[in-house]
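Analysis of the macromolecular model
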Amino acid sequence: MDKGAVQIAGLVLGCIGIIGTCAVTGMPQWRVTAFIENNIVVFESLWEGLWMNCFRQANIRMQCKIYDSLLALTPDLQAGRALMCIAVVLSFLAFMIAIIGMKCTNCAEDNEKSKRIMLIVSGITFILTGILVLIPVSWTANQIIRDFYNPLVNAAQKRELGDALYLGWATALCLVAGGLILCCQCSSTEKKYKYSLPPKSAASNAPKGAVGRKTSSLYSKSQYV
């Protein structure tokens, strides 16, 4: 496959990762109401996100409220808010660096070495962004699952995995895959072909004096014929 097409594929995956990172950061569906025991049929569901919680009533009305204080959040959501904000900034930074280092662009004065370094930096940044997205998403999911199976937690306080967590895992996969493509594509250097002169013949390796003597001897024999 063409080197430029592979770079574009990595850039597209990184762009999808940027969109997913922004969506996961703003979505309130990190924790959703668990319908268990006597709560099988309810007309109100609760969504909890990084920035707000929302009450949804019978698929008709939804009210959202921003958290009054950061201390009101659980530790996993507090860390998730900080890590996701960093991930958004890093993803945009990696995307801009990747555009500058693309083979199809005229930036960096078409210096192949500079473009290769930029793409490697961009790929590493994409991978780091994917890890930053994966940490809060997995941490929150682990906390939800642990509380769900904890008998000491009240049934009304138990939550289920929200759509934002599933989208976060897919986003982390796209970011890591895009970063690996950019890094692997740049690490493969082009083959350098070495051209060598053809081997000299035996006649050319022979001393000049010997060739001269042989020619003179043949010439002298022909005179006697």
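Report on the accompanying structure. Everything quoted here is computed from the prediction, not taken from an experiment.

Time to look at the pattern of salt bridges. With the rule as written, the count across this model stands at three salt bridges. Of the charged contacts in the structure, one is a salt bridge between R31 and D76, with a shortest N-O distance of 2.6 Å. Of the two residues, R31 sits in strand β1 (residues 31-33) while D76 sits in helix α2 (residues 75-101), which places them 45 residues apart along the sequence. On the accessibility criterion, R31 (6% relative accessible area) is buried. Residue D76 is classed as buried on the basis of its relative accessible area, which comes to 2%. The residue D68 makes a salt bridge to K65 at a minimum N-O spacing of 3.7 Å. For D68, a relative accessible area of 70% translates into the label exposed.

Before going further, it helps to spend a moment on the sheet that holds strand β5 (residues 159-161). A sheet is described by the order of its strands in space; here five strands give the open sequence β4-β3-β2-β1-β5, paired in antiparallel fashion. Of all strands in the sheet, those with a lone pairing partner are β4 (61-66) and β5, marking the two edges. On average, each strand axis in the sheet is tilted by 25 degrees relative to the strand beside it, whichever way the strands run. Summarising the sheet, strand β2 (residues 44-48) and strand β3 (residues 52-57) pair through five bridges and their orientation is antiparallel. Each bridged residue has a counterpart across the sheet, and for S45 the counterpart in β3 is R56. Its contacts with the sheet place helix α3 (residues 112-148) against β1 and β5, and it is angled at close to 135 degrees to β5.

Attention shifts here to the pairing of β2. Of all five residues in β2, four are buried; the element is thus mostly enclosed. As judged from the two bridges shared by β1 and β2, these two strands associate in the antiparallel manner. When the sheet's bridge partners are listed, R31 is paired in β2 with E48. Turn length for the β2-β3 hairpin, with the two strands adjacent in sequence and antiparallel, is three residues.

Here we take up the packing of α2 against α3. One can describe the packing of α2 onto α3 by two numbers: an axis separation of 8 Å at closest approach and a directional angle of 160 degrees. The orientation of α2 relative to α3 falls into the category roughly antiparallel. Crossing handedness for the pair α2 and α3: left-handed.

Secondary-structure assignment places T21 in helix α1 (residues 3-26). Here T21 is in contact with M84, A87, V88, V133, T171 and L175, once residues within four sequence places are set aside.

Here we come to the packing of aromatic side chains. Under the defined criterion, the tally for this structure stands at two aromatic pairs. Ring geometry for F148 and Y149: centres 5.3 Å apart, planes at 80 degrees, overall edge-to-face. Judged by relative accessible area, F148 falls into the partly exposed class, the value being 24%. Ring plane angle 75 degrees and centroid distance 5.7 Å describe the contact between Y166 and W169, whose orientation is recorded as edge-to-face. Here W169 and Y166 lie together in helix α4 (residues 163-187), a separation of three residues that amounts to about one turn. Given a relative accessible area of 45%, Y166 falls into the partly exposed group.

Among the nonpolar cores identified, the biggest contains 29 residues, and W30, M84, A98, F126, V133 and L165 are the most heavily contacted of them. Breaking this core down by element, the ones donating at least two residues are α1, α2, α3 and α4. When residues of this core are assigned to their parent elements, the largest contribution, eight residues, is made by α2. Not counting residues within four places of it along the chain, the set of residues in contact with F126 comprises G14, S91, A94, F95, A98, L175, V176, G179 and L182.

Parameters at a glance
- Residues numbered from 1 in each chain as written.
- Predicted model: local features only at pLDDT ≥ 70, side-chain atom pairs only at ≥ 80, totals over all residues.
- Heavy atoms only, no water.
- Salt bridge = Lys/Arg side-chain N within 4 Å of Asp/Glu carboxyl O.
- Helix = DSSP H or I, 4+ residues; strand = E, 2+ residues; numbered from the N terminus.
- Buried < 20%, exposed > 50% of the residue type's maximum accessible area, 1.4 Å probe, protein only.
- Pairing = 2+ DSSP bridges.
- Axes fitted to C-alpha atoms, helices over the stretch in contact; angles between N-to-C directions.
- Contact = heavy atoms within 4.5 Å.
- Parallel < 35°, antiparallel > 145°, perpendicular 65-115°, else oblique.
- Left-handed = near helix turned anticlockwise from the far one by under 90°.
- Phe/Tyr/Trp six-rings, centres within 6.5 Å; stacked < 30°, edge-to-face > 60°.
- Core = buried A, V, L, I, M, F, W, Y, C linked by side-chain atoms within 4.5 Å.

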